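Analysis of the macromolecular model
One letter stands for each residue in the lines below.
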Amino acid sequence: MRTLMPIYGTRPEAIKMAPIVAALQESPDFECVVTVTGQHRHMLDQVNELFEIVPDHDLNIIQPRQSLTGIMTRTLEGLDKLFSEHKPDAVIVQGDTTTSTAGAIAAFYHGIPVIHVEAGLRSGNLYSPFPEEANRKITSQITALHLAPTSESKSNLLAEGIPEKDIVVTGNTVIDALFTTVGKQVPFSDPALQELADAGRRILLVTTHRRENQGEAMRGVGRALARIAEAEPDLTIVLPAHKNPVVREAVLPFIEKFPNVVVTEPLAYGEFTRMLALADVVLTDSGGVQEEAPSLGKPVLVMRENTERPEAVHAGTVLLIGTDEDRIVSEVNALLHNQEHYDSMAHAVNPYGDGQAAARTLAAIQALFGTGERLPDFDPTATPLAAEAGTNG
Ligand code: UD1
Ligand code: UDP
């Protein structure tokens, strides 16, 4: 039996790795040794608890207001020790966080093959998102098996000279996680959210955290939200605040006084996806939320200048609006008051996955070790829609 070590450390990696961990644990071919860095703590543990994953190793590296160098060095040192004791047959890393790239580098230094989940996303700008674009390019250079979520991400890898035989198009495992979670109607732990769900008011769901938006751009987001809250008394703005104090200090002072703004702690994934299904409009700079909301037929305004996830932009359900305060106000206003515009963006599309990404991932890893065969690549034209599966909040 081969030993595989999924390594992850933040909320989105945990959500996207959970379906793979479940598939590996059911497979007789592999022993699955889950290793977390603890780059996030509360937001990571929240996901592991929901998916009932108990890590085998936890490096617990988090520090308040941690630096990129700190995350990188503590992860490299922790994994170096771990790999000296336990040498897995391969590691699995996900996405573009510093945990992910540090995990890939540590494995590479020990001669351990790297399997990269969500490979091939590219914004084309090394500094945006920062440091994720560089992280994912570095990881691609030292990866043995590239699991690209879409054919566009595969094309990006081919254009960089990655051999086609080493790439499989799986779909994104976030859609597997979404499909298993979103229909469950979990109760909201925050009474304000339960009241909101019962009242049936219009909802603007907001998340923000990107490092390159921190500072003045994020204060602009706060000012824009204040203007929207004041102008739209019939709308409720829901902001599950990221744990990062830098984010909270920038945004919350502008909005906390409004009765139609609900700021919460990070929501457990089941609660968040239920809120996503209830929301009328989504305003975000999150990668994962950009992938999930289109499946639910929700218009998404993305507060970034570019995206490595162009598929839903092309499908017309995601609009890139940047972080200019006036633009945020006017784009939200257009979606709230122009029904034709709203309808043109609010159709469900699934360019990112069909709920079978973990099965394709498992099959691709079995093929790598000669114990099975790959499944056919993900085809977005033949996918079920979450919105058709009874997910109306
Ligand atoms: C990280 C990733 C980013 C990903 C995001 C998902 C990097 C460089 N950044 O950014 O790619 O999109 O996670 O959310 O890998 N904190 C807590 N508890 C938590 C989580 C965070 O207290 O559970 C606080 C800590 O003070 C920490 C700070 O937030 O120092 C920032 O966390 P960090 O992981 O460095 O950056 P993120 O912005 O979360
Ligand atoms: N999410 C969550 N609770 C929240 C906010 C987001 O579970 O309060 C989920 C969301 O559904 C998505 C993921 O967290 O799957 C996105 O994480 P984040 O925005 O932190 O990181 P990114 O995707 O931008 O890397």
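For clarity, every value in this text was computed on a predicted model and none was experimentally measured.

1. Topic: helix α8 (residues 191–199)
Three or more residues of α8 are buried, namely Leu193, Leu196 and Ala197. Angular distribution of buried residues about the axis of α8 spans 100°; they occupy a single face of the element. In α8, the exposed residues that point more than 90 degrees away from the buried face are Pro191, Glu195, Asp198 and Ala199. Gly200 lies just past α8 and shows a positive phi near 65°.

2. What to know about the pairing of strand β12 (residues 281–284)
What you see with β12 is no split at all: Val281 and Leu283 on one side and Val282 and Thr284 on the other are buried throughout. Bridge analysis of strand β9 (residues 202–207) against β12 gives four bridges, and the strand direction is parallel. Within the sheet, the bridge partner assigned to Leu205 lies in β12 and is Val282. Sheet topology note: the β12/strand β13 (residues 300–302) ladder contains three bridges and is parallel. Its bridge partner being in β13, Leu283 is matched across the sheet by Leu301.

3. Re the layout of surface pockets
Reported here for the second largest pocket is a volume of approximately 380 Å³. As for the second largest pocket, its lining consists of 21 residues, of which Ala18, Pro19, Ala22, Phe51 and Thr180 are closest to the centre. Of all the secondary-structure elements, those providing two or more residues to the lining of the second largest pocket are α1 (11–26) and α7 (173–181). In terms of residue count, the dominant contributor to the lining of the second largest pocket is α1 (seven residues). Here the lining of the second largest pocket is built from residues that sort into 12 nonpolar, five polar and four charged.

4. Comments concerning the environment of Ala231
As for its position among the elements, Ala231 is in helix α9 (residues 216–231). Under the relative-accessibility criterion, Ala231 is labelled exposed at 55%. Residues Ala231 and Asp379, 148 residues apart in the sequence, show an inter-C-alpha distance of 43 Å.

5. Regarding the site of ligand 2
Close to ligand 2 lie 15 residues; Leu267, Ser286, Gly287, Gly288 and Glu292 are nearest. Here an oxygen atom of ligand 2 sits 2.7 Å away from a polar atom, N or O, in the side chain of Ser286. A distance of 2.6 Å separates an oxygen atom of ligand 2 from a polar side-chain atom of Glu292. For ligand 2, the protein covers 95% of the area, taking 540 Å² as the surface of the free molecule. Elements with a minimum of two residues in the shell around ligand 2: α1, α11 (269–278) and α12 (287–292). No other element matches α12, which puts four residues into the shell around ligand 2.

6. Considerations on the nonpolar core
Membership of the largest hydrophobic core comes to 58 residues, with the highest contact counts inside it found for Ile92 and Met275. Ranked by residue count, the leading element in this core is α1, at eight residues. In terms of nonpolar packing, the next biggest core, distinct from the first, is built from 31 residues, Leu235, Val281, Leu336 and Tyr342 among them.

7. A short note on empty space enclosed by the protein
With a probe scaled to a water molecule rolled over the atoms, the places where space remains empty come into view. Taken as a whole and judged by the stated rule, the model has two cavities of 30 Å³ or more. In this structure, the largest cavity encloses a volume near 50 Å³. Together, Leu121, Pro149, Thr150, Ser153, Asn172, Glu291, Glu308, Arg309, Glu311 and Tyr352 line the largest cavity. Among the residues forming the lining of the largest cavity, the class breakdown is three nonpolar, three polar and four charged. The space that makes up the second largest cavity amounts to roughly 40 Å³. What lines the second largest cavity is simply Thr208, Leu239, Pro240, Ala241, His242, Val247, Val251 and Leu252. Residue assignment for the lining of the second largest cavity shows that the elements contributing at least two residues are β10 (235–240) and α10 (245–255).

Here is what the cut-offs are and how they apply
- Residues numbered from 1 in each chain as written.
- Chains lettered and ligands numbered in written order.
- Predicted model: local features only at pLDDT ≥ 70, side-chain atom pairs only at ≥ 80, totals over all residues.
- Heavy atoms only, no water.
- Buried < 20%, exposed > 50% of the residue type's maximum accessible area, 1.4 Å probe, protein only.
- Helix = DSSP H or I, 4+ residues; strand = E, 2+ residues; numbered from the N terminus.
- Arc of directions from axis to C-beta.
- Pairing = 2+ DSSP bridges.
- 1 Å grid on protein atoms, 1.4 Å probe; cavity = no way out; pocket = protein on both sides within 12 Å on 5 of 7 lines; lining within 4 Å.
- Points joined across faces, edges and corners; volume = space filled by probe spheres on them.
- Nonpolar A, V, L, I, M, F, W, Y, C, P; charged D, E, K, R; others polar.
- Near = heavy atom within 4 Å.
- Polar contact = N/O pair within 3.5 Å; in protein donor to acceptor, adjacent residues only side chain to side chain.
- Areas by Shrake-Rupley, 256 points an atom, 1.4 Å probe, with all protein chains shown as cover.
- Core = buried A, V, L, I, M, F, W, Y, C linked by side-chain atoms within 4.5 Å.

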